[in-house]
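# Geometric and topological summary
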There are 2 protein chains.
Amino acid sequence: MVINDRERPVPAVTIADVARLAGVGESTVSRVLRRSGSYSEETRDKVLRAVSALGYVPNRIAGALASTESDLVALIVPSLANIVFPDVLRGASVALESSGFQSVIGVTDYEEAREEDLIASVLAWRPRALILAGLEHTDRSRAMIAASGVRVAEILDLDGQGIDHVVGFSQHAAGRDTARHLVGRGRRRLAYLGIRLPGDSRARKRHEGFLAGLAEAGLSPADQELVPAPSSAEAGRIGLATLLARTPDLDAVYFVNDDMAIGGYFHCLAEGITVPDRLALFGFNGLEVGQALPQPLSTIRTPRYRAGEVAAGLLLAQAPATVVDTGYELVPGATS
Amino acid sequence: MVINDRERPVPAVTIADVARLAGVGESTVSRVLRRSGSYSEETRDKVLRAVSALGYVPNRIAGALASTESDLVALIVPSLANIVFPDVLRGASVALESSGFQSVIGVTDYEEAREEDLIASVLAWRPRALILAGLEHTDRSRAMIAASGVRVAEILDLDGQGIDHVVGFSQHAAGRDTARHLVGRGRRRLAYLGIRLPGDSRARKRHEGFLAGLAEAGLSPADQELVPAPSSAEAGRIGLATLLARTPDLDAVYFVNDDMAIGGYFHCLAEGITVPDRLALFGFNGLEVGQALPQPLSTIRTPRYRAGEVAAGLLLAQAPATVVDTGYELVPGATS
DNA sequence: AACAGCATTGGCAGCGCTGCCAACTTATAA
DNA sequence: TTATAAGTTGGCAGCGCTGCCAATGCTGTT
């Protein structure tokens, strides 16, 4: 049953058709459909009857052009492969959809240049607002945003200068707190296991924070390893094996995220390495699956959903530029 | 540094401004920017110079209205909490973005009525195409789609009647193959562990297929359990505990998806239940993390990314209505 | 010298709607 | 009764762009 074939013979029902059938003016139809201005109940019924008789679907493109404001909100994220960003989208789209907004998304693959392109093409739709990940953007991106006048929320980072709203937490502090936590538990031979992904500035800041935290205690990392992107449990497993082969006497490993840490945990399970006695494992993000491990993963739970939600809320409320520190929660777990 | 404040003092640069500065007509500017029609190199340079001098960003709303075609593609998915749908989005957006299309997304929470609302509001933007999950939609959804004339791709299911393109695989067959696999390995006391989510028709079809597969072997399920949504490792853990408490002599459990199955595996680890000797575990989706477990999870790997990619490809190519069976891959793993 | 053919260009209607304003009706106050 | 306010309604310009068509200037031909 092919309903739609190549040609689009549908002649498009317009507001004029509805007005004619209902025997009212176009602006009356418009008012009824947008519940704006005033109209009698009788008129409303006539209009709604005509609308459903014709199967009229308002053309928001025309509406947006006429009113010079759209109900589009653009979200530009680095990736969809990591559950972090879908979580942000979830939080944002719940808020957005319940207010009748439409989400337009773009994926940058952690490349600023790609982000710039996406910003340009999304701004062409004159969105009501823009949600970006992180605080690092090209100069041209900033210039386009400023010139367009759209409101912006930057999320999941707090370490740097924001454009407008900023909703997130300090990645640097998260890394530093992890170091303090591990050092506080007596660890001295710590390693960092990350991935090679230069565009991931948030991971970089955590890493820097971690090193700073070690330095506070007069320590430096016993080893460090960057495995090829993308992050995955398998990558964590292999990465940990590599680290331990090179530096067998490690007593703690800080993984760039939970996916990797879970893989590391599996390596320990398979190799009979006692966690945390022999080796402490620490992740980042607080994924659900990490908490369901036989030993709940030590990690930092990040408010991803909430960040999306709060950012959307600020934008919808047209609040003055605001910085919201959503914080994070260190989950001691049982692997450190 | 607040760049944007409440008012939008930006007077908006239009094509007329560019035309004036470049000393050419508006249609010439339009032609240059869209690389359509013909124009001299000199003219192009003048126009581009004016564009960057003014920081002109074309208004696609106006463009779409004038040309009565937009470069928006709408994707409506049940959820973003499960990595399945982000994977689909990834596949689709790579294809879409590389062709200069913009993705508009909506999340239905597995509710047909919600899907209907989203379809209505997204059709108001006159998208070029629409990607939906599954084949189940309300009559009004179908009617709106037919009336609008947009091309549609329905993905991740093949069991039923499609509207236009259909890209996916048979969920029923996946469930049935799982039953055959487990029965073929000598299992006789099988249970199903799902979640209470009536709108998840794909899970329902797998479940039905599973029962059909058991029936082929003259078996019926030894037990079944539906835990409250959402699915998660923790839910799988608890669900398996519940099943085993009620029916201790189970020899295999089919989980609605890998998230749940991984939780079940953790339960076995924690309780010292030997997998697969004492109990076989089987999941669905083929998540990466399941394959990194000490024993790789037995599961069915589904082509989620590919489904998004193929669907987008068909739509962009304006292909005649096509049904693509992407198939799936049964991964024997080590837990069954 | 006149003309067809082509590349290049500008003018302008119109895409479908909203915002504004004026016109009208009815209710209420003076 | 007349003036004033409030509630309804329709007309129409115009949002910024594209598509169509006509105009222009060249080139190469007869």
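Residues numbered from 1 in each chain as written. Chains lettered and ligands numbered in written order. Predicted model: local features only at pLDDT ≥ 70, side-chain atom pairs only at ≥ 80, totals over all residues. Heavy atoms only, no water.

The name an unreviewed UniProt entry assigns to chain A is LacI family transcriptional regulator, from the organism Prosthecodimorpha hirschii.

## Quick notes on the protein's contact with DNA strand C
The immediate surroundings of DNA strand C are formed by 24 residues, with A:I15, A:S30, A:Y56, B:T28 and B:T43 found nearest. Per the 4 Å cut-off to the protein, sugar and phosphate atoms form 66% of the nearby atoms of DNA strand C. Here a base oxygen of DNA strand C and a side-chain polar atom of B:R31 are 2.8 Å apart. B:T43 has a polar side-chain atom sitting 2.3 Å from a phosphate oxygen of DNA strand C. (Near = heavy atom within 4 Å. Polar contact = N/O pair within 3.5 Å; in protein donor to acceptor, adjacent residues only side chain to side chain.)

## Comments concerning the relation of the copies chain A and chain B
The operation relating chain A to chain B is a screw motion whose rotation component is 180°, with 0.1 Å of axial translation and a residual RMSD of 0.1 Å. What we have between these two chains is a two-fold relation. The position closest to the rotation axis in chain A is occupied by the C-alpha of A:V104, lying 2.2 Å away. Interface overlap between copies is the fraction of interface residues in one copy that are interface residues in the other; for chain A against chain B it reaches 100%, indicating a shared surface. (Least-squares fit on C-alpha atoms with pLDDT ≥ 70 in both. Contact = heavy atoms within 4.5 Å.)

## Some thoughts on the UniProt feature "domain: HTH lacI-type" (unreviewed entry) in chain A
UniProt annotation of "domain: HTH lacI-type" (unreviewed entry) refers to residues 13–67 of chain A when read in the numbering used here. Along residues 13–67 of chain A one finds 71% helix and 0% strand; the C-alpha atoms at either end are 20 Å apart. (UniProt positions renumbered as here; feature names shortened; annotations may be inferred. Helix = DSSP H or I, 4+ residues; strand = E, 2+ residues; numbered from the N terminus.)

## Notes on the interface of chain A and chain B
The partner chain B presents 68 residues to the 67 residues of chain A that form the contact. For the pair chain A and chain B, the summed buried area comes to about 6300 Å², and 59% of that belongs to carbon and sulfur atoms. Taken together, the links from chain A to chain B amount to two salt bridges. Ionic pairing is found between B:E97 and A:R114, a salt bridge with its closest N-O pair at 2.9 Å. (Buried area = accessible area lost by both parts, 1.4 Å probe. Salt bridge = Lys/Arg side-chain N within 4 Å of Asp/Glu carboxyl O.)

## Remarks on the packing of aromatic side chains
Across all of its chains, the model carries 16 aromatic pairs over all chains by this definition. Judged by centre distance (6.3 Å) and plane angle (85°), the ring pair of A:W125 and B:W125 falls under edge-to-face. Within this pair, whereas A:W125 is found in the loop between α6 (112–123) and β3 (129–133), its partner B:W125 is found in the loop between α6 (112–123) and β3 (129–133), the two belonging to separate chains. Classification of A:W125 as buried rests on a relative accessible area of 3%. Between the aromatic rings of B:Y192 and B:F210, the centroid separation amounts to 6.4 Å while the plane-to-plane angle is 40°, which identifies the pairing as tilted. Here the residue B:Y192 occupies a position in strand β6 (residues 190–196), and B:F210 occupies one in helix α9 (residues 201–216), the gap between them amounting to 18 residues. Neither B:Y192 nor B:F210 differs from the other in exposure class; each is buried. Three or more aromatic residues joined by ring pairs form one cluster here, namely A:Y192, A:F210, A:Y254 and A:F282. (Phe/Tyr/Trp six-rings, centres within 6.5 Å; stacked < 30°, edge-to-face > 60°. Buried < 20%, exposed > 50% of the residue type's maximum accessible area, 1.4 Å probe, protein only.)

## Considering the nonpolar core
Membership of the largest hydrophobic core comes to 152 residues, with the highest contact counts inside it found for A:V253, A:F266, A:L279, B:V253, B:F266 and B:L279. B:F266 has contacts with A:F266, A:V289, A:A292, A:L293, A:P294, B:R237 and B:L293, leaving out every residue within four places of it along the chain. By size, the runner-up hydrophobic cluster in this structure holds 36 residues, among which are A:V104, A:I119, A:I145 and A:V150. (Core = buried A, V, L, I, M, F, W, Y, C linked by side-chain atoms within 4.5 Å.)

## Examining the protein's contact with DNA strand D
Neighbouring DNA strand D are 25 residues, the closest being A:T28, A:T43, B:I15, B:S30 and B:Y56. When the atoms of DNA strand D within 4 Å of the protein are sorted by group, sugar and phosphate make up 64%. At the level of elements, α2 (26–34) and α4 (60–67) of chain A together with α2 (26–34) and α4 (60–67) of chain B are the ones that each hand at least two residues to the surface near DNA strand D. The class makeup of the residues in the surface near DNA strand D is nine nonpolar, 13 polar and three charged. (Nonpolar A, V, L, I, M, F, W, Y, C, P; charged D, E, K, R; others polar.)

## A short note on the pairing of strand β5 (residues 165–168) of chain B
Residues and elements named next belong to chain B. Burial along β5 is two-sided: the face carrying H165 and V167 and the face carrying V166 and G168 are both buried. Looking at chain direction, strand β4 (residues 151–155) and β5 are connected through three bridges and run parallel. Bridged to I155 within β5 is V167. Examined bridge by bridge, β5 and strand β11 (residues 323–325) share three bridges and lie parallel to one another. (Pairing = 2+ DSSP bridges.)

## Topic: the pattern of salt bridges
In the structure shown here, the tally under the stated rule is 38 salt bridges over all chains. Residue A:D17 pairs with A:R20 through a salt bridge whose shortest N-O separation is 3.3 Å. Placement of the pair is A:D17 and A:R20 together in helix α1 (residues 15–22), with a separation of three residues, close to one helical turn. What makes A:D17 partly exposed here is its relative accessible area of 24%. As a salt-bridge pair, B:D45 and B:R44 come within 3.1 Å of each other at their nearest N and O atoms. Of the residues examined, B:D45 reaches a relative accessible area of 31% and is grouped as partly exposed. Several salt bridges converge on common partners, so that one network encompasses A:R176, A:D177, A:R180 and A:E216.

## Re the sheet that holds strand β7 (residues 223–228) of chain A
Residue and element names in this part refer to chain A. Across the sheet, four strands lie side by side as β7-β6-β8-β9; this open sheet has parallel pairing. Since the sheet does not close on itself, it has two edges, and those belong to β7 and β9 (280–282), each with one partner. If you compare each strand with its neighbour and ignore which way they point, the axes differ by 20° on average. Here helix α9 (residues 201–216) sits on the sheet in contact with β6 (190–196), β7 and β8 (252–255), set at roughly 165° to β6. (Axes fitted to C-alpha atoms, helices over the stretch in contact; angles between N-to-C directions.)

## Re unusual backbone geometry
A cis geometry characterises the amide bond from A:A229 onward to A:P230, with omega recorded as 0°. By the element assignment, A:P230 lies in the loop between β7 and α10 (233–246). The residue A:R35 is not glycine, and still its phi comes out positive at about 50°. The backbone phi angle of B:D109 is positive, close to 55°, even though this residue is not glycine. Within the secondary structure layout, B:D109 lies in the loop between β2 (102–107) and α6. Classification of B:D109 by relative accessible area gives partly exposed; the value is 49%.

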